[in-house]
Amino acid sequence: MTDSKPSNPMRDHGYFAASVQDTLSQLGASRDKGLTSEEATRRLEIHGLNQLQGKRAPSFLLTVFRQLRSFLILILIAAVLVSVWVGNWIEAGVILFIILLNALVGALQE
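Quick notes on the rules
Residues numbered from 1 in each chain as written. Predicted model: local features only at pLDDT ≥ 70, side-chain atom pairs only at ≥ 80, totals over all residues. Heavy atoms only, no water. Core = buried A, V, L, I, M, F, W, Y, C linked by side-chain atoms within 4.5 Å. Buried < 20%, exposed > 50% of the residue type's maximum accessible area, 1.4 Å probe, protein only. Helix = DSSP H or I, 4+ residues; strand = E, 2+ residues; numbered from the N terminus. Contact = heavy atoms within 4.5 Å. Axes fitted to C-alpha atoms, helices over the stretch in contact; angles between N-to-C directions. Parallel < 35°, antiparallel > 145°, perpendicular 65-115°, else oblique. Left-handed = near helix turned anticlockwise from the far one by under 90°. Nonpolar A, V, L, I, M, F, W, Y, C, P; charged D, E, K, R; others polar. Patch = residues over 30% accessible without salt bridge, like charges linked within 9 Å, V, L, I, M, F, W, Y side chains within 5 Å. Areas by Shrake-Rupley, 256 points an atom, 1.4 Å probe, with all protein chains shown as cover. Salt bridge = Lys/Arg side-chain N within 4 Å of Asp/Glu carboxyl O.

Novice: Looking at this structure, I do not really get the nonpolar core. What am I missing?
Specialist: One recurring pattern in soluble globular proteins: nonpolar side chains tend to sit buried together. In this structure, Val64, Leu68, Ile73, Val80, Ala92, Ile99, Ala103 and Ala107 together form the largest nonpolar core, which totals 8 residues. Taken together, the elements giving at least two residues each to this core come down to helix H5 (71-86) and helix H6 (89-109). Ignoring any residue separated from it by four or fewer positions in sequence, one finds valine 64 in contact with Ala103, Leu104 and Ala107.

Novice: How should the packing of helix H4 (residues 60-67) against H6 be read in this particular structure?
Specialist: For any two helices packed against each other, one specifies the crossing angle of their axes together with the interaxial distance. The geometry of H4 relative to H6 is characterised by a closest axis approach of 8 Å and an angle of 125° between their N-to-C directions. Between H4 and H6, the angle falls in the class oblique. Seen along the crossing, H4 lies across H6 with a hand that is right-handed. Every residue of H6 that contacts H4 at Phe60, Thr63, Val64 and Gln67 is listed here: Ala103, Leu104, Gly106, Ala107 and Leu108. Residues belonging to the contact of H4 with H6 are distributed by class as follows: 6 nonpolar, 3 polar and no charged.

Novice: Sorry if this is basic, but what is going on with a nonpolar patch on the surface here?
Specialist: A surface patch of nonpolar side chains, amounting to about 590 Å² of accessible area, comprises Ile90, Val94, Phe97, Ile98, Leu101 and Val105. Among the secondary structure elements, leucine 101 is positioned in helix H6. Its relative accessible area of 43% is what places leucine 101 among the partly exposed residues.

Novice: Would you explain the environment of glycine 34 in this entry?
Specialist: Looking at the element boundaries, glycine 34 is found in the loop between helix H2 (20-27) and helix H3 (37-47). For glycine 34, a relative accessible area of 30% gives the class partly exposed. When the C-alpha atoms of glycine 34 and leucine 24 are compared, they prove to be 8.6 Å apart, with 10 residues separating the residues in sequence.

Novice: Whenever I open this one, the pattern of salt bridges confuses me. Can you help?
Specialist: It is possible for side chains of opposite charge to pair when their charged atoms get near one another. As enumerated under the stated definition, the model contains 3 salt bridges in all. Of the charged contacts in the structure, one is a salt bridge between arginine 43 and glutamate 39, with a shortest N-O distance of 2.7 Å. One end of the pair, arginine 43, and the other, glutamate 39, are both in helix H3, 4 residues apart, so they sit about a helical turn from each other. Glutamate 110 is the salt-bridge partner of arginine 66, the closest N and O atoms lying 3.1 Å from each other. Linking arginine 66 in helix H4 with glutamate 110 in the segment after H6, this pair joins segments that are 44 residues apart in sequence. When its relative accessible area of 34% is taken as the criterion, arginine 66 is described as partly exposed. A residue is classified by how much of its surface remains accessible, and glutamate 110, at 60% relative accessible area, is exposed. Among the ionic contacts, a cluster of salt bridges with common partners joins Glu39, Arg42 and Arg43.

Next comes the structure, spelled out in structure tokens:
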């Protein structure tokens, strides 16, 4: 036995493949007036608001810390530690300032 369901262009190929009239009748809408208020309210209750579910943005502090994971930044942090170890406090401070400035600017750009 074969399944004798009529072809539905919306289901088979998508709304772009169907004629305007077929699409309107499938959606229960009018070309001039769109959906009735009752139908719009009913669909709103069934499907909810037409919104994308977005993920919460990471905190600013987490974004700053993620900027510090770069290999080059890790090398600069090692240079800060070596500079402190040998007593070059000014160099260590300048490198650390540049690292933090870079992390802040990168976080702000994200």
